[in-house]
Amino acid sequence: MKNQGFKALIFLHFFTVNKEKKKSEQVQVMKSYCEQICISQNIRLDLFTAESFRIRFSDLSGEPFPEEYEIPFAIGKTTPWKRVKYTADGTTDNTIVAVKTEKLHIFVRKNSGTFIVETPEGKRLLSRKCAALRNV
């Protein structure tokens, strides 16, 4: 039992040490952490590699993705990812943003965050409705 308490103390200390970084250093790290693609006012796609991404939703009033919620270690990597070549097209269809990398084509609906993932050849890999935005 004493060992578990000690491990928890170290874990808490880790977060305390990270909070002591200068704010300007944190902002710089987050700006270059990954590709951040705006889908709509409250939906953003974060692209980490040509094959990995996350879709973020925000119900916050004001700034939808404030700096204090830009937490890189939430996915287990604290250093910036390498730049990813991509295109983002929201003009072909005004309800969807198409994000294309060399490995994936991701189609995200602007009003709901519902998304489809395909190979560049058009083979459907995944289709998801997002329950996170029930009020949108």
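Residues numbered from 1 in each chain as written. Predicted model: local features only at pLDDT ≥ 70, side-chain atom pairs only at ≥ 80, totals over all residues. Heavy atoms only, no water.

Novice: Can you help me understand empty space enclosed by the protein in this one?
Specialist: Rolled over the atoms, a probe sized like a water molecule indicates the empty space that remains. Going through the model one piece at a time under the given rule, you end up with one cavity of 30 Å³ or more. The space that makes up the largest cavity amounts to roughly 40 Å³. Contributing to the lining of the largest cavity are Ser32, Cys34, Glu35, Leu47, Phe48, Trp81, Lys82 and Arg83. The class makeup of the residues in the lining of the largest cavity is four nonpolar, one polar and three charged. (1 Å grid on protein atoms, 1.4 Å probe; cavity = no way out; pocket = protein on both sides within 12 Å on 5 of 7 lines; lining within 4 Å. Points joined across faces, edges and corners; volume = space filled by probe spheres on them. Nonpolar A, V, L, I, M, F, W, Y, C, P; charged D, E, K, R; others polar.)

Novice: What is the right way to look at the sheet that holds strand β1 (residues 35-40) in this model?
Specialist: Note: strands within a sheet are paired through backbone hydrogen bonds, in either parallel or antiparallel orientation. Ordered in space as β1-β2-β3, the three strands form an open sheet in which the pairing is antiparallel. Strands at the two margins of the open sheet, each flanked by one partner only, are β1 and β3 (53-57). Mean inter-strand twist for the sheet, computed between neighbouring axes without regard to direction, equals 25°. (Pairing = 2+ DSSP bridges. Helix = DSSP H or I, 4+ residues; strand = E, 2+ residues; numbered from the N terminus. Axes fitted to C-alpha atoms, helices over the stretch in contact; angles between N-to-C directions.)

Novice: I would appreciate a short explanation of the pattern of salt bridges in the present structure.
Specialist: Side-chain pairs of opposite charge can arise whenever the charged atoms involved come near each other. This structure, assessed with the given rule, holds four salt bridges. Measuring nitrogen to oxygen at the nearest pair gives 3.0 Å for the salt bridge that ties Arg54 to Asp46. We classify Arg54 as buried; its relative accessible area is 17%. Classification of Asp46 as buried rests on a relative accessible area of 0%. Notably, a salt bridge pairs Arg124 with Glu118, separated by 3.6 Å at the nearest N-O pair. For Arg124, a relative accessible area of 48% corresponds to the partly exposed category. Judged by its relative accessible area of 15%, Glu118 falls in the buried class. (Salt bridge = Lys/Arg side-chain N within 4 Å of Asp/Glu carboxyl O. Buried < 20%, exposed > 50% of the residue type's maximum accessible area, 1.4 Å probe, protein only.)

Novice: Help me out: how do you make sense of the nonpolar core in this one?
Specialist: Where a protein is soluble and globular, its nonpolar side chains tend to be buried together. In this structure, Ile39, Leu45, Val99, Ile106 and Val108 are the most contacted members of the largest nonpolar core, which totals 14 residues. Those elements that place two or more of their residues in this core are β1, β2 (43-47), β5 (96-100), β6 (105-109) and β7 (115-118). Ranked by residues supplied to this core, first place goes to β2 with three residues. Ignoring any residue separated from it by four or fewer positions in sequence, one finds Val108 in contact with Ile39, Ile43, Leu45, Ile55, Thr95, Ile96, Val97, Gly113, Thr114 and Phe115. (Core = buried A, V, L, I, M, F, W, Y, C linked by side-chain atoms within 4.5 Å. Contact = heavy atoms within 4.5 Å.)

Novice: Explanation requested: the environment of Glu51 in the structure shown.
Specialist: In this fold, Glu51 is placed in the loop between β2 and β3. For Glu51, a relative accessible area of 56% corresponds to the exposed category. Taking the C-alpha atoms as reference, Glu51 lies 9.4 Å from His105; in sequence the two are 54 residues apart. The contact partners of Glu51, leaving out residues within four places of it in the chain, are Lys103 and Leu104.

Novice: Teacher, can you tell me more about the environment of Glu70 here?
Specialist: Here Glu70 is to be found in the loop between β3 and β4 (87-89). By relative accessible area, which is 12% here, Glu70 ends up buried. Residues Glu70 and Tyr33, 37 residues apart in the sequence, show an inter-C-alpha distance of 9.6 Å.

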